[in-house]
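If you want the building blocks of each chain, they are given just below.
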Amino acid sequence: MPVGAELCSIDKPSLKLQGLMSISLFSQYFFQAFTEIVWYYVIFAIPFFLVFWVIWKKYWQPKRIQVVQRATSHHFKHDLAFSFSSFVVFAIMDVLLLHLEHKGYTQLYFKVDQYGWPWIFISLALVLFVDDAFFYWTHRAMHHPRLYKFFHKVHHESTDPSPLTAFAFHPSEAVIENAMNVVLPFILPLHFGVIIFWQIFSMLNNVMGHLGYELYPAGWTKIPFLRYKTASVHHNMHHQLFHGNYALYFTWWDKWMGTEFQDYEARYEQIFTRKTKPSAAVSPTMTSSFNRVKVTAKVLEQTYVFEVDDQQSILQSALDQQIPLPYSCKSGRCGTCKMKCTEGTVIMKKNAILSTAELEAGYVLTCQSFPQTDKISLEK
Ligand code: FES
């Protein structure tokens with residue numbers, strides 16, 4: 001978070017610190033750092049929430065990523081409360097960095113001439129690459145069942161994220177999310193401007209990843225080079241499906257490690273071609289993030305109507321209710337569960353079978369399909 005701003009605005013002569021910081025000095029710096037972080041939040045995050053989720057919500061509706069809105073006031077309050085607890089953690093870490101900076105331990109510098117312009121750009125690229133890699137691997141680690149509830153569960157309360165979700169972390173996760181801001185200035189000579197640019201870019205990227213709306217144009221995921229910049233859909237899918245799309249700024253780690261959802265590109269394009277109108281409010285049949293969806297499945301002249309929990313695959317929900325939908329591998333590899341979706345929208349976690357033509361024709365693998373609308377019709 002924006003420690004650079006504090007470095008700029010705190011009166012330097014008053015910072016001739018020796019040894020440990022006194023409590024009153026700590027309080028003074030903490031208050032200043034916390035206030036600045038809140039200002040950054042008010043300037044770079046809150047307006048996005050107001051514009052997309054409150055004031056011009058209807059106007060932006062066609063760009064909504066999840067067709068049915070599941071975020072409620074419960075999620076907004078939860079995310080706001082945890083964001084403020086994150087800011088407390090960030091401010092404490094910033095004061096620590098500030099203290100060490102004034103004792104001369106960091107490599108922060110203010111004059112471009114000291115390392116020249118090429119280093120400004122190289123160091124910025126390095127900072128983004130390292131921060132992105134650190135996020136990817138720590139994020140994956142926090143999804144480990146043994147760690148998840150201690151670090152990352154709070155952030156995943158919202159399966160339909162909003163800009164308020166961007167900084168809603170458990171304090172333990174907040175330490176990890178802010179770690180590079182504290183560590184990198186010790187390892188690399190970083191110009192003050194690079195730090196400020198990195199922090200604003202990072203904040204905007206985080207808000208965009210949780211926006212709930214896709215603002216990039218159609219075809220983004222196919223544009224050479226730019227396709228490696230994460231679209232909002234990328235992180236939104238992570239909030240919906242959990243185990244995949246772990247990236248922060250760039251998609252390459254997910255691509256290299258095989259953790260990108262296979263229908264990410266198809267799902268991205270769906271936004272620009274879908275016929276189902278996204279709903280502006282939580283469906284009346286839905287009361288929480290665990291929604292019930294009505295599925296009608298026609299198999300060999302037999303029609304089955306059943307309810308599906310939108311956190312479970314359609315196939316698994318059907319089998320749990322003794323409905324004999326066809327299947328074999330249950331892992332998206334054999335194609336036995338292929339059905340045509342004639343009403344509603346689903347999102348697929350994995351697909352190693354269906355061709356682009358089949359996807360465009362509406363075919364889905366029920367073992368990998370999660371409902372996105374409150375009504376789904378399938379045919380074998
Ligand atoms: S059961 Fe094999 S792909 Fe779904």
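Looking at an unreviewed UniProt entry, one finds the protein named Fatty acid hydroxylase, with Haliscomenobacter hydrossis as its source organism.

(A) Structural view of the overall build of the protein. When helices and strands are counted, the protein shows 14 helices and 9 strands. Counting all 380 residues of the protein, 40% fall into the buried class. Look at the contacts in the protein between residues 6 or more apart in sequence, and 70% of them connect residues 24 or more apart.

(B) Here's a closer look at the UniProt feature "transmembrane region" (unreviewed entry) in the protein. Mapped onto this numbering, the UniProt entry gives "transmembrane region" (unreviewed entry) at residues 37-56, 80-99, 119-137 and 182-201. For residues 37-56, the end-to-end C-alpha separation is 26 Å, with 90% helix and 0% strand making up the annotated structure. Each end of residues 80-99 is marked by a C-alpha atom, and these two atoms are 29 Å apart; helix forms 100% of the span and strand 0%.

(C) Layout of the confidence of the model for the protein. Per-residue confidence for the protein gives a mean pLDDT of 87, with 89% of residues at or over 70. Averaged over each element, pLDDT in the protein is lowest for helix α1 (residues 3-9) (44) and highest for helix α6 (residues 117-142) (98). Scored below 50 in pLDDT, residues 2-17 shows 28 contacts in the model against residues more than four places distant or in partner chains. Below a pLDDT of 50 lies the segment residues 280-290, which in the model reaches 19 contacts outside its immediate sequence neighbourhood of four places, other chains included.

(D) Region of the structure containing unusual backbone geometry. Even without a glycine there, the phi angle at Gln322 is positive, about 60°. Counting through the fold element by element, Gln322 comes out in the loop between α13 (314-320) and β5 (338-343). Located in the positive-phi region is Lys330, a residue other than glycine, with phi close to 60°. Tracing the sequence through the fold places Lys330 in the loop between α13 and β5. Under the C-beta neighbour-count criterion, Lys330 is labelled partly exposed, with 17 such atoms within 10 Å.

(E) Structural view of the sheet that holds strand β4 (residues 302-309). A sheet is described by the order of its strands in space; here 5 strands give the open sequence β4-β3-β9-β5-β7, paired in mixed fashion. Because the sheet does not close on itself, it has two edges, and the strands there are β4 and β7 (363-365). Sheet twist, expressed as the mean angle between neighbouring strand axes with direction ignored, is 35°. Bridge count for strand β3 (residues 292-299) against β4 is 8 bridges, and the pairing is antiparallel. What sits directly across from Thr296, in β4, is Val305.

How each quantity is defined
Residues numbered from 1 in each chain as written. Predicted model: local features only at pLDDT ≥ 70, side-chain atom pairs only at ≥ 80, totals over all residues. Helix = DSSP H or I, 4+ residues; strand = E, 2+ residues; numbered from the N terminus. Buried ≥ 20, exposed ≤ 12 C-beta atoms within 10 Å, placed from the backbone. Contact = placed C-beta atoms within 7 Å. UniProt positions renumbered as here; feature names shortened; annotations may be inferred. pLDDT = per-residue confidence, 0-100. Pairing = 2+ DSSP bridges. Axes fitted to C-alpha atoms, helices over the stretch in contact; angles between N-to-C directions.

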